[in-house]
Amino acid sequence: MRATTIHAPFDMRVTDVPEPIVQLPTDAVVRVLRACICGSDLWAYRGEAARQPGQRIGHEFLGVVEETGSAVGTLRRGDLVVAPFMWSDGTCEYCAEGLTTSCVHGGFWGSVGYDGGQGEAVRVPFADGTLVKLPGEAASDGHLLTGLLTLSDVLGTGHHAALGAGARPGATVAVVGDGAVGLCAVLAAKRLGAERIIALGRHEARTDIARRFGATDVVAARGEEAVAAVRELTRGQGAHAVVEAVGTEQSMSTAVNITRDGGAIGFVGVPHGSGTGLDLSVMFDRNIALRGGVAPVRTYIPELLPDVLDGTIDPSPVFDMTVDIEGVPDGYRAMDERTALKVLVTND
C-alpha cells in the first residue's frame, strides 16, 4: 500500500509499504478514508523533532474497519470509525480517570514500528479502547466526514484548551493563535457559552473563520500591542479565560498578560523555544491558574460527536486544502509556507 514516510528535513515521500495485518488479538486494521496534516507534524518536517529515515507519520484519521483480532468485541468489519491521535487500552487507571493520553499501554501513531495515519491503512492497537464507532451513513457524506475527522485531534484539543481556561456562560475568552487548534478553541468556547470571544491573529482568512466560529472581536497584533488591544476591549481587566494555542515564549507571555486577575490559561500549544514565557511571581500575585497539556481527545469524542453529527457545530472550515495520498508532500510544503491552514488527505 501507499503511505507517507519522512526521510530528512523537508523530505517527505509517499512510498510502498507492507499492508498492515492483525498482529495481536486486540488489534484492528482500518482502511483510511480521511486523514490530514497537523501543525505539530511540521516540527518533524522542519527537522526540529527527530525522526528516523523512512519513519511513518500522521496521527489523525478515520476510516472503515477491515479486520479485527479475536479479542476485539465492540467493532466488526465494515464499521466506520474515528481514531484519536493516541491509542489507549481503555482499561488502565488513567483511562478510567479520562486521561487517556497517559495510558500505560498507549502510544502515538507514526512511532517507530507503528503505522501513521497519512497512509491507505493503519494497524490499530487496543482497538476497543481506541476507536470510536461512527454512524455508517456518514461514510456517504463527504462534508460530514471532513467535520468528523476533526474529532481525532484539533476539535478535542480546542475543547481541552477551552475547558482548561474555564470558558463558561458569561465569560470573556481570548484565544492566542489562529491555527486550526486556536480556531477550534473559538468554536469550543462558543459551544460552552462564552459571551465574548476575542481571537488574536494576523491572517485575515483565518480570523474570518474565527468570526464564523463565534469570535466577537479580532486583534490583529502581537506582543505588547496585542496586550494593549485586549486590555482596551476589556475595560483594562483582561479576559476571564485565555487559550494559548501556539507554544512559543511570546505567545505564553501574551496569554499571561491578557488574563484577568483570578482567571485561567488553558495551554495546548506544543512548547518550543528557549523559555516558557511564564513569570510565576506575576501569576501568584494575580491569582492566575494554568491548566492544559496533551488533550485526552478519546475522552471528549463521545461528548462532541453528537453536536458534529447534528450540525450544532461544524469544524470542517479549518481545512482549506485537499490532496490525495500522492499529494501529501505538496500539502506539507503549503502548510510550512503558510499558504494552507490545514490540509485534508482523501483516500476515496
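Bear in mind that the values here come from a model prediction, so they are computed numbers and not experimental data.

**Q** Would you mind going over a nonpolar patch on the surface with me for this structure?
**A** Among the surface-exposed residues, Tyr 94, Leu 99 and Val 104 lie close enough to one another that they form a single nonpolar patch of about 270 Å² accessible area. Relative to the assigned elements, Tyr 94 resides in helix 2 (residues 93–96).

**Q** How should I be thinking about the pairing of strand 15 (residues 259–267) in this particular structure?
**A** Regular strands place their side chains on alternate faces of the sheet. Bridging between strand 14 (residues 239–244) and strand 15 involves five bridges; their strand directions are parallel. Paired with Ala 241 across the two strands is Ala 264, which belongs to strand 15. Taken together, strand 14, helix 9 (residues 249–257) and strand 15 constitute a β-α-β crossover, and its handedness is right-handed. With four bridges connecting them, strand 15 and strand 16 (residues 289–292) associate as parallel partners. Within strand 16, the position partnered with Gly 266 by the bridge is Arg 291.

**Q** Help me out: how do you make sense of the pattern of salt bridges in this one?
**A** Close approach of charged atoms allows side chains with opposite charge to pair. In the structure shown here, the tally under the stated rule is 16 salt bridges. Of the charged contacts, one joins Arg 2 and Asp 16 as a salt bridge, the two residues approaching to 3.2 Å between their closest N and O atoms. Here Arg 2, found in strand 1 (residues 2–8), pairs with Asp 16, found in strand 2 (residues 11–16); they are 14 residues apart in sequence, far enough to count as distant. Across the salt bridge formed by Glu 19 and Arg 31, the nearest N and O atoms sit 3.1 Å from each other. Here Glu 19 is found in the loop between strand 2 and strand 3 (28–36), whereas its partner Arg 31 is found in strand 3, with twelve residues between them in sequence. Residue class for Glu 19 comes out partly exposed when judged on its relative accessible area of 41%. Arg 31 gets classed as partly exposed once you look at its relative accessible area, which sits at 24%.

**Q** Hey, could you run me through the sheet that holds strand 12 (residues 196–200) in this one?
**A** By way of backbone hydrogen bonds, the strands of a sheet pair with one another, either parallel or antiparallel. Spatial strand order, 13-12-11-14-15-16: six strands in an open sheet with parallel pairing. The sheet is open, and its two borders are formed by strand 13 (217–219) and strand 16, each paired with just one other strand. Across the sheet, the mean angle from the axis of one strand to that of its neighbour is 20°, orientation sign disregarded. When strand 11 (residues 172–176) meets strand 12, the two strands line up parallel, connected through five bridges. The partner of Ala 174 across the bridge, within strand 12, is Ile 198. Against the sheet, helix 5 (residues 154–165) engages strand 14, strand 15 and strand 16, with an angle of about 155° to strand 15.

**Q** Looking at this structure, how should I read the pairing of strand 14?
**A** Within strand 14, five of the six residues are buried, leaving the element largely enclosed by the surrounding structure. Bridging between strand 11 and strand 14 involves four bridges; their strand directions are parallel. Its bridge partner being in strand 14, Val 173 is matched across the sheet by Ala 241.

**Q** Any chance you could explain the packing of aromatic side chains here in plain terms?
**A** The geometry of an aromatic ring pair is captured by two quantities: the separation of the ring centres and the angle between the planes. Summed over the entire model, instances satisfying the criterion amount to six aromatic pairs. Centre to centre, the rings of Trp 87 and Tyr 114 are 4.6 Å apart; their planes meet at 40°, and the pair counts as tilted. Note that Trp 87 is positioned in strand 7 (residues 86–87) and Tyr 114 in the loop between strand 8 (107–108) and strand 9 (121–124), a separation of 27 residues in sequence. Among the residues examined, Tyr 114 registers a relative accessible area of 30% and is labelled partly exposed. A network of ring pairs unites the aromatic residues Phe 61, Trp 87, Trp 109 and Tyr 114 as a single cluster. A cation sits over an aromatic face here: Arg 46 above Trp 43, 5.6 Å from the ring centre.

Reading the values: the criteria
- Residues numbered from 1 in each chain as written.
- Predicted model: local features only at pLDDT ≥ 70, side-chain atom pairs only at ≥ 80, totals over all residues.
- Heavy atoms only, no water.
- Patch = residues over 30% accessible without salt bridge, like charges linked within 9 Å, V, L, I, M, F, W, Y side chains within 5 Å.
- Areas by Shrake-Rupley, 256 points an atom, 1.4 Å probe, with all protein chains shown as cover.
- Salt bridge = Lys/Arg side-chain N within 4 Å of Asp/Glu carboxyl O.
- Helix = DSSP H or I, 4+ residues; strand = E, 2+ residues; numbered from the N terminus.
- Pairing = 2+ DSSP bridges.
- Right-handed = clockwise from strand over helix to strand, strands pointing away.
- Buried < 20%, exposed > 50% of the residue type's maximum accessible area, 1.4 Å probe, protein only.
- Axes fitted to C-alpha atoms, helices over the stretch in contact; angles between N-to-C directions.
- Contact = heavy atoms within 4.5 Å.
- Phe/Tyr/Trp six-rings, centres within 6.5 Å; stacked < 30°, edge-to-face > 60°.
- Lys NZ or Arg CZ within 6 Å of the ring centre and 35° of its normal.

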